[in-house]
Each structure stands twice: as C-alpha cells, then as structure tokens.
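Coordinates in review
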Amino acid sequence: MNWKKKFYKENVYDNNNIFAQIINGKIPCKKIYEDKDVLFFEDINPVTKVHVLGIPKAPCINLLEFVSTCDESVVANFFQKIDLVVEKLGIKEDGYRIITNTGINGGQEVPHFHIHILGGEKIGAKIK
Ligand code: AMP
C-alpha cells in the first residue's frame, strides 16, 4: 500500500510530512503571516502569479478533520486570517480562488490540511 492510501485509510497523521517540518522550522518557507495557530507561506511551485498556502499548526490531515477536532476559536481564527493575508498580498480587490484538495481523488499531495490561495491573474476553470 502506498503512503497516501495508508494515511488516508488509517487516518493517521504523519508527523514528518513536509508541512509539519515547515511548522517546526526544519524546512524553511517564505512566510506571509504567522501566529501561534496558523502559518501562511508561498507555494514552492506556484501555478498562478500569487500562490500562497495556509495551514493550521494543529496536526490535521484534511479540512473535515480540522473543523471536527479543533477548538471553534482555532478554526475561526484560521479562516478569519485569510482576510488579512489577501489584503497583504494585494489580491483582495480583484479576487482570488481558495482550494483545498482532499485525499487521492482530490489530488492531495501533502497530508496536512492546507488551503491554496490563488490570485494575481484571471484563473481558468481547471486549476490545482
Ligand atoms: P496539494 O496537492 O493540495 O497537497 O498541495 C501541496 C502543495 O504544496 C503543492 O502546491 C506544492 O507545490 C506545495 N509544496 C510542497 N512542498 C513545499 C515546500 N517545501 N514549500 C512550499 N510549498 C510546498
């Protein structure tokens, strides 16, 4: 069984996934915003002019795990910080796209819940 099938099937968080290592400082990132519960940073392989990832620091694999296991205040803080981030990135006025890929069919590569914030240009129908 490959690692994706294993993690999604058993729903076990991989403490060594890339984003866990970014959170604990083992792997560097280009930080846009950070507080004690969230981190927003540039995607290493941008698909649009602006491509930022947002992650909670809590060890959750996907959106549903995040919203169902974390404190409401932590969940609210994560989504509320998007406003500050899109303002800082200068994409608030012209618009942007937020995506979260989940599981194998969703194309999720990193098994730590994250949102993609895409903008800086007009985005077509199929991206990420
Ligand atoms: P997903 O396919 O939704 O799991 O997206 C994972 C994203 O993480 C991809 O867009 C990658 O380009 C991005 N990524 C992988 N490693 C890094 C890294 N070290 N720093 C920033 N972004 C990364």
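Refer to the structure presented above.
Model, not experiment: these values are computed from the prediction.

Here we come to the site of the ligand. As a matter of local geometry, the ligand sits amid 17 residues, with Asp-43, Asn-101, Glu-109, His-114 and His-116 nearest to it. In the environment of the ligand, an oxygen atom lies 2.8 Å from a nitrogen or oxygen atom belonging to the side chain of Asn-101. In the model, an oxygen atom of the ligand is placed 3.0 Å from a nitrogen or oxygen of the Val-110 main chain. Relative to its unbound accessible area of 500 Å², the ligand is 88% covered by the protein chains. Those elements giving two or more residues to the shell around the ligand turn out to be α2 (18–23) and β2 (38–42). Ranked by the residues each element gives to the shell around the ligand, the list is headed by α2, at three residues. A per-class count over the shell around the ligand returns seven nonpolar, six polar and four charged.

Here Asp-43 lies in the loop between β2 and β3 (50–56). Residue Asp-43 is classed as buried on the basis of its relative accessible area, which comes to 13%.

Each value, and the rule that gives it
Residues numbered from 1 in each chain as written. Predicted model: local features only at pLDDT ≥ 70, side-chain atom pairs only at ≥ 80, totals over all residues. Heavy atoms only, no water. Near = heavy atom within 4 Å. Polar contact = N/O pair within 3.5 Å; in protein donor to acceptor, adjacent residues only side chain to side chain. Areas by Shrake-Rupley, 256 points an atom, 1.4 Å probe, with all protein chains shown as cover. Helix = DSSP H or I, 4+ residues; strand = E, 2+ residues; numbered from the N terminus. Nonpolar A, V, L, I, M, F, W, Y, C, P; charged D, E, K, R; others polar. Buried < 20%, exposed > 50% of the residue type's maximum accessible area, 1.4 Å probe, protein only.

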